[in-house]
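Residues per chain, in single letters:
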Amino acid sequence: MSSNSFSYNEQSGGGEATELGQEATSTISPSGAFGLFSSDLKKNEDLKQMLESNKDSAKLDAMKRIVGMIAKGKNASELFPAVVKNVASKNIEIKKLVYVYLVRYAEEQQDLALLSISTFQRALKDPNQLIRASALRVLSSIRVPIIVPIMMLAIKEASADLSPYVRKNAAHAIQKLYSLDPEQKEMLIEVIEKLLKDKSTLVAGSVVMAFEEVCPDRIDLIHKNYRKLCNLLVDVEEWGQVVIIHMLTRYARTQFVSPWKEGDELEDNEKNFYESDDDQKEKTDKRKKPYTMDPDHRLLIRNTKPLLQSRNAAVVMAVAQLYWHISPKSEAGIISKSLVRLLRSNREVQYIVLQNIATMSIQRKGMFEPYLKSFYVRSTDPTMIKTLKLEILTNLANEANISTLLREFQTYVKSQDKQFAAATIQTIGRCATNIVEVTDTCLNGLVCLLSNRDEIVVAESVVVIKKLLQMQPVQHGEIIKHMAKLLDSITVPVARASILWLIGENCERVPKIAPDVLRKMAKSFTSEDDLVKLQILNLGAKLYLTNSKQTKLLTQYILNLGKYDQNYDIRDRTRFIRQLIVPNEKSGALSKYAKKIFLAQKPAPLLESPFKDRDHFQLGTLSHTLNIKATGYLELSNWPEVAPDPSVRNVEVIELAKEWTPAGKAKQENSAKKFYSESEEEEDSSDSSSDSESESGSESGEEGDSNEDSSEDSSSEQDSESGRESGLENKRTAKRNSKAKGKSGSEDEEKENEKSKTSDSSNAESSSIEDSSSDSESESESESESESRKVTQVSTPVFVPTKTHVLLHRMSGKGLAAHYFFPRQPCIFGDKMVSIQITLNNTTDQKIENIHIGEKKLPIGLKMHVFNPIDSLEPEGSITVSMGIDFCDSTQTASFQLCTKDDCFSVNIQPPVGELLLPVAMSEKDFKKEQGMLTGMNETSAVIIAAPQNFTPSVIFQKVVNIANVGAVPSGQDNIHRFAAKTVHSGSLMLVTVELKEGSTAQLIINTEKTVIGSVLLRELKPVLSQG
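Residues numbered from 1 in each chain as written. Predicted model: local features only at pLDDT ≥ 70, side-chain atom pairs only at ≥ 80, totals over all residues. Heavy atoms only, no water.

1. Comments concerning the nonpolar core
Nonpolar side chains tend toward joint burial in soluble globular proteins.
For step 1, the next point in the chain: Ile 66, Tyr 101, Leu 339 and Phe 375 are the most contacted members of the largest nonpolar core, which totals 191 residues.
For step 2, the next point in the chain: Sequence-distant contacts of Phe 375, that is, excluding residues within four places in its chain, are made with Val 340, Leu 343, Leu 354, Ile 357, Phe 368, Lys 389, Ile 392, Leu 393 and Leu 396.
For step 3, the next point in the chain: By size, the runner-up hydrophobic cluster in this structure holds 32 residues, among which are Ile 870, Phe 887, Ile 909 and Leu 918. (Core = buried A, V, L, I, M, F, W, Y, C linked by side-chain atoms within 4.5 Å. Buried < 20%, exposed > 50% of the residue type's maximum accessible area, 1.4 Å probe, protein only. Contact = heavy atoms within 4.5 Å.)

2. A word on the pattern of salt bridges
For step 1, the next point in the chain: Going through the model one piece at a time under the given rule, you end up with 33 salt bridges.
For step 2, the next point in the chain: Notably, a salt bridge pairs Arg 250 with Glu 212, separated by 2.5 Å at the nearest N-O pair. With Arg 250 in helix α16 (residues 238-255) and Glu 212 in helix α13 (residues 201-214), the pair connects residues that are 38 residues apart, well separated along the chain. Pair check on accessibility: Arg 250 and Glu 212 agree, each one buried.
For step 3, the next point in the chain: Across the salt bridge formed by Lys 386 and Asp 417, the nearest N and O atoms sit 4.0 Å from each other. Residue Lys 386 is located in helix α23 (residues 383-396), and its partner Asp 417 is located in the loop between α24 (402-413) and α25 (418-434); the two are separated by 31 residues in the primary sequence.
For step 4, the next point in the chain: Several salt bridges converge on common partners, so that one network encompasses Arg 227, Asp 294, Asp 296 and Arg 649. (Salt bridge = Lys/Arg side-chain N within 4 Å of Asp/Glu carboxyl O. Helix = DSSP H or I, 4+ residues; strand = E, 2+ residues; numbered from the N terminus.)

3. Section: the sheet that holds strand β4 (residues 834-842)
For step 1, the next point in the chain: Reading across the sheet, the five strands line up as β2-β3-β4-β8-β6 and stay open at both edges, with antiparallel pairing between neighbours. Of all the strands in the sheet, the pair left with one neighbour each is β2 (805-808) and β6 (863-865). Pairwise comparison of adjacent strand axes, ignoring direction, gives a mean angle of 30° for this sheet. (Pairing = 2+ DSSP bridges. Axes fitted to C-alpha atoms, helices over the stretch in contact; angles between N-to-C directions.)

4. Overview of the state of the cysteines
For step 1, the next point in the chain: One pass over the structure, following the stated rule, counts one disulfide.
For step 2, the next point in the chain: Disulfide pairing is shown between Cys 899 and Cys 904; the S-S distance is 2.5 Å. Handedness of the Cys 899-Cys 904 disulfide follows from its S-S torsion of about 110°: it is right-handed.
For step 3, the next point in the chain: By relative accessible area, Cys 899 is classed as buried at 2%.
For step 4, the next point in the chain: What makes Cys 904 partly exposed here is its relative accessible area of 47%.
For step 5, the next point in the chain: Note on Cys 431: no disulfide assigned, nearest cysteine sulfur contributed by Cys 442 at a separation of 6.3 Å.
For step 6, the next point in the chain: Overall, the relative accessible area of 1% leaves Cys 431 in the buried class. (Disulfide = S-S within 2.5 Å.)

Structure follows, in C-alpha cells:
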C-alpha cells in the first residue's frame, strides 16, 4: 500500500516537485542531501549547460525558461554567473533577455552585478543603438551608490548620442540616478539643459519628465525651448504629451497675464449699460487696452487643440485641464464634447473624468448643459459612477430642466442600490434648496417617500425634510405631525434624532403632539442610541420651558435617567440642562435666558457640493482626485499682474540675426579670445558640436523644417564658438548665460589685476569689453563683478600641511622615487592651475638620465603644465620640481607617465578636495552677504557630535585649515567660526561655517555654487571635526 501511494505521489506531484525544486536550489547542498530535489538540481544544471552551449537557439531557449521562472516569482539568482557570460552575445534577442534578467537581480546581487559593469561600459559603445540603449537602461537600474560616477559619465555620453532612442534612454536614466544620489543634481541639470535643446520628438517627452522630477522650479530652462515644445507636441508619443502639457500649463501660469479679464469686462459693460456713452467708452478703453493675448500664449492653446481628438484618455484630460486653467473662458467650451466622449471608456476612466467635470460644472454650468442626457445614470454603472453623475446633474439643474431631472430622480429612488437611492434623496433636497420654484414640489415628493417600505429611504427622507423645513417651518405643521407618527416605525438613529429635533424646534406649533412624543421617548430612553438620547434631553428642556405644566415631571424623570447614563456626554448634557432650566439657589444669571438659548432662531443649513473646495487643485492630478495634497504635487501659481519679458523666448530670432555678422566685427570678436582659457573653449565647442550632432540625427524625422534646422544648427555652432569667446552670449539660455558670464567676468578681472596695478585701469578695461556686448544688463554685471572682485581677494595660506603623497615607489620605479605635495601657493603656470611640487630621489648607485613627463592620459577638460626635463640625477641625489594641473574644480585623477632614458612608469595624482581652493580674505559683513546669496540647493549642512574640548576655537581652526586651504573670517560671535575660499578653476566662493550648539554638538554648513565639491568637502570635514 505504501509503495503504491509513493508511486502515485511521484506521478501526480512531479510538476509541483519540479517547481519547488527550482525555487529551493539555492539552499540545497550539492551533495544531494534531499533525494527528492536531485532531479531539479539537474534541471538547473541543464540550464547552465544550455547557456554555455555554442548554439544560439539553445541559449535563447534557456533564457526564455529563466525569464519564465522569474515571472512566476521563483528564485533564479544562482544562474547569475552563467547568464552574465552571455552579455557579450551577438544575438540581440539573447542580449535583451539577459538585460531583463540583470535588471531583476542587479539590486539583490550587487557584488555579482558589479562584475558585469565593464561589459555594459563596452556595450555603451556598441554600433547597434538598441544595445547601447539597453546597456544604459540596465546600468541605471543597478541601485549601487558606488557606480554613480560611472552612471553619470554614461548618461553624459548617451545624451550626445546620434540615436534619438539612446538619448531618450539617457533622459530616463537621469531620474533613476537622481533618486539614487540627489547630490548629482547640478550635473544632471546640465544634461537636462542639453537634452531640452534636442529637436527629436522621441526625446522631448522623456526629458521633460526628467525636468519635472529633478528641477521643476527651473522655469528658465524652458524659455528658449518653449516654442519648439509647442510645435513638436502633436508628434510626441502619448505619455510624453501628457507630461509636456502639464509642464506647459504651469509655465503659462507664470509667464502670461490672465485671459479671464475679457469675460469680466463684458459683464461690467452690461451692468453699465445705462451710463452715458462717453463714460462707458472711456471705461471700456481703459479696461481693454492692458490685455492683449501674448502670441506664445495663443500658440500653446492653438497647438494643443488637435489633441482633444486623441485616442488616449490621459491626453484628452491633460488638454482639457490646460484649457480650463489658461484659456479664455469663451474658448474653454470646446473641451466639453471631448470629455463627454471619454464617458464611453471603462469605469476607471469614467470616474476620473466625472470627478473633473463635477468640479468644472460648479463654476461654469453652461459648458455641459447641452450634454445633460449623457450624465443620466445607467443600471450597469457602479455606485461610485452613479454618485458622481448625480453630483453633476445637481450642478447643472436650473429652472428649465428641473422638471425633467425630478422625473429622472424619482426612478433613481426606486433603485436596488440603497446607497445610491439615499444619495438621490440628498440630491432632491439640494435641488429644492437651489431652485426656489420647486421647493414645495420636492418637499411633497419627499413626504410621499416617508411611506416607503425601505427604512433607509425613509430615514434619508426624514433627514432631508428636516433641513428643508428649517427654511420655512411656519407653513408645514402637517408634515411635522406626519413625521411624529413615524417615530413608532423608524429605527435609524439619525432619522429619529432629526424628527425629535424638528418637534422640539416647533413644539409651540404642535402643542398637543410634542408632550406625547416626549412621554413615548421617556419609556424607551435607556434603549435608544446616544444621538437620540441627546435629542430627547433637548426636547424635554424645550417643553419644560414652553409647557411646564404638562411636562415638568416628565422632564425631571428624563434628567434623572440621563444623570446615571453610561455615556459621559449624556451625563454632562443632563447636568448642564438641569442647572440651566430648573431654578434653584445655585442657578446663575444664564437661567433667565434659558428660553432664548434653547429656542433661538437657527440658521438654515447650506447644502453645498462636496466638490466645491477642489478647484484649488490642478484638474487631472492625484491631489484633485483625493482632495488632499499628494507628495510631489506642484501647485499652479496665480497669474502675474504684469507679464514677464517675452523676449526670453526669442532664441531663434536672435540666432538668425547673429548669423549675418560683418567681417570686421567678427575680427574684433576674435581678438577677445585671450580672455578665455583653452579649457572653456574646448568645452564650449564640444558642447555645440554634440548638440549639432544630436540635432542632425533627429532632423530626418521632421518634414518641413529640415532646411531651417540645418541652417540654425550650423549658425548656432559657429555662434557658440565666436560668441562665447568674445563674451557676447548675453542673450543665450538663462542658466548658461548667468553662469558663463559670472565665471568669465571674474576671470577677466583677475587677469586685468595682474596686468595693471590700479583698479581704475581694470574698471576701464572691463567696461570697454562690456560695451561691445551692449544692453543695460552688462552695466549691472560690471558693477557686480567689481564687487565680487573686492570680496574675493586671495590671501596667503594660513597653514601649509607637510604631508607628502607617494607618486612613484622606489621599487616600482627601479630606484627612482617620487613624492608630491601641495604648497598652497598660486600657480605660476596659470591662474586656474593647482601648484604641485614633486621631489625626485635617486636611490640607486647609478646616474638616472633624462627624467621627463611622457604620455598624458587626462580626463576631458584637465590640463597639465609639466616640468622641464632633467638631464641627469646623481646617485643618492634629490631634486624638487614644480608642476601645474588644472583639475577643473573636480577630484578627477590626472594620469601620466614619468619617464627616464630607459623606462616609463604610469603614475597618477588625485587632489584632496581641500587643495582645489585658494584662501579668501573678507569681512564678516561680506561673508554674510555672500552666504545669503548661496542658500537653498547651494547649501549643505551636517550635525557634528564631539567632546567639548574639541570645540575650542584653536582646535576647530587647526582641523579645518589642515583639511582645506581656506582663510579665516573675523567673527563677532564666540560660537560661530567662519572660513572662506574660492575654487582655483572657476573662482566660485566656498564658505564654511562651524556653529557651536548647546552641549557637545555643532552644525557644519557649506555654501557654494559648486555643490558637488561642497558635499565632498562636507564629508571630509565631518569625521575630522567629530574625532578627538
